[in-house]
Amino acid sequence: SELRYSDTFGDKTRLVALKGEAVFDVTKNGSSFVVETHDARVSVLGTSFAVRSWARDIDPETVVSVREGRVAVEKRYEDENRIELIPNQQIRLKGETALSPESILSNTESTFSWIAGGADFINMPIGNVLSELERRYDVILSAPNTIRDRRITLLPSQHATIDDVLIDMAAA
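Residues numbered from 1 in each chain as written. Predicted model: local features only at pLDDT ≥ 70, side-chain atom pairs only at ≥ 80, totals over all residues. Heavy atoms only, no water.

Draft legend 1. Region of interest: the overall build of the chain. A tally of regular secondary structure across the chain gives two helices and 12 strands. Each helix and strand of the chain, placed in order from N terminus to C terminus, yields the pattern β-β-β-β-β-β-β-β-β-β-β-α-β-α. Computed over its C-alpha atoms, the radius of gyration of the chain comes to 17 Å, within 12% of the 16 Å expected for a compact globule of 172 residues. Considering only C-alpha atoms, the chain reaches an extent of 50 × 30 × 30 Å along its principal axes. Considering the chain as a whole, with its 172 residues, one finds that 42% of them fall into the buried category. Residue pairs in contact within the chain that sit at least 24 positions apart in sequence constitute 43% of those at least 6 positions apart. If you sum the accessible surface of the chain, you get close to 9900 Å²; carbon and sulfur atoms cover 48% of it. On the chain, the mean spot of the 20 positive side-chain charges and the mean spot of the 27 negative ones are 3 Å from each other. (Helix = DSSP H or I, 4+ residues; strand = E, 2+ residues; numbered from the N terminus. Rg over C-alpha atoms; globule rule 2.2 N^0.38 Å. Buried < 20%, exposed > 50% of the residue type's maximum accessible area, 1.4 Å probe, protein only. Contact = heavy atoms within 4.5 Å. Areas by Shrake-Rupley, 256 points an atom, 1.4 Å probe, with all protein chains shown as cover. Lys, Arg positive; Asp, Glu negative; His and termini not counted. Charge placed at Lys NZ, Arg CZ, Asp CG, Glu CD.)

Have a look at this one:
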C-alpha cells in the first residue's frame, strides 16, 4: 500500500492519499481527517475504520468499513452526495455506484480479518485474488486471461502458506 500526505498535514486538514489498504484509528484534535482514494473521499468524524482501494484490480472498487465511530463517504469528484457510516457498516464504491442508504452493507468482520493475518475472498475475480496474494506473500503469480475475470470464493485459514492457498484455489 502507499500512503501520501503533504508538508502541511495537520495545519487545517489532515489529508492523506491512499493506494491500497489501510486501517486508521483517528483521534479528534480540532482538524478534520480525510482519506482520498482513486474514486472516493472519506471524511472522518473520530473513529476506527478501514479503506481498501486498488485502482488496478480487474473490477476496481473502494471499500470503506467502520469498526468504531462514524465516517462520511462521498465520490471523489462529486460533492453533492454524501453518506454516513456507523460501526459495522460498509460501502463499496464501484464505477457509477450510487451513494444511498440501500448501498450500505452490514457485517464488516471479514474486512478487518487481514489485520490478524486472515483473508476472505468472497465472489472476487481470480485476477484480484492473485493480486492480493502477490501483495500478501511477496510472490509473482499469473493466470491465463481467459480465467482472470472468473469469480471465486476462497476462505484460507489465518496461517495458511501460499502453497496451501493455491491448492485450495485449484480445488475451488
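Draft legend 2. Quick peek at unusual backbone geometry. Here the phi dihedral of Asn88 falls at roughly 65°; this positive angle occurs in a residue that is not glycine. Note on placement: Asn88 falls in the loop between strand S8 (82-85) and strand S9 (89-93). You can call Asn88 partly exposed: its relative accessible area is 47%. Residues other than glycine seldom take positive phi values, yet Asp138 does so here, at roughly 55°. In this structure, Asp138 sits in the loop between helix H1 (126-137) and strand S12 (151-154).

Draft legend 3. Molecular detail of the packing of aromatic side chains. Counted according to the given criterion, the structure contains four aromatic pairs. Seen from their ring centres, Phe24 and Phe49 are 5.1 Å apart, and the 20° between their planes marks the pair as stacked. Taken together, the positions of Phe24 in strand S2 (residues 13-25) and Phe49 in strand S5 (residues 48-53) put the pair 25 residues apart, joining distant regions of the chain. Across the pair, exposure class does not vary: Phe24 and Phe49 are buried alike. Linked through ring pairs, Tyr5, Phe9, Phe24, Phe33 and Phe49 together constitute an aromatic cluster. (Phe/Tyr/Trp six-rings, centres within 6.5 Å; stacked < 30°, edge-to-face > 60°.)

Draft legend 4. Region of the structure containing the packing of H1 against helix H2 (residues 162-171). Look at H1 against H2: their axes get within 11 Å of each other, and the N-to-C directions meet at 170°. When the axes of H1 and H2 are compared, the pair comes out roughly antiparallel. The residues of H2 that touch H1, namely those facing Ile126, Val129, Leu130, Leu133 and Tyr137, are Ile162, Val165, Leu166 and Met169. Looking at the contact of H1 with H2 residue by residue, the class counts come to nine nonpolar, no polar and no charged. (Axes fitted to C-alpha atoms, helices over the stretch in contact; angles between N-to-C directions. Parallel < 35°, antiparallel > 145°, perpendicular 65-115°, else oblique. Nonpolar A, V, L, I, M, F, W, Y, C, P; charged D, E, K, R; others polar.)

Draft legend 5. Highlighting the pattern of salt bridges. Summed over all chains, the structure comprises eight salt bridges. With a closest N to O distance of 2.5 Å, Glu2 and Arg4 form a salt bridge. Within this structure, Glu21, Arg52, Glu132, Arg135 and Arg136 form a network of salt bridges that share partners. (Salt bridge = Lys/Arg side-chain N within 4 Å of Asp/Glu carboxyl O.)

Draft legend 6. Quick look at the nonpolar core. Phe24, Val35, Phe49, Val71 and Val73 are the most contacted members of the largest nonpolar core, which has 21 residues in total. Of all the secondary-structure elements, those providing two or more residues to this core are S2, strand S3 (32-36), strand S4 (40-44), S5, strand S6 (62-68), strand S7 (71-75), S8 and S9. The element contributing the most residues to this core is S2, with four residues. For Val73, the contacting residues outside a window of four places in its chain are Arg41, Val42, Val64, Asn81, Arg82, Ile83, Leu85, Ile91, Leu93 and Leu99. (Core = buried A, V, L, I, M, F, W, Y, C linked by side-chain atoms within 4.5 Å.)

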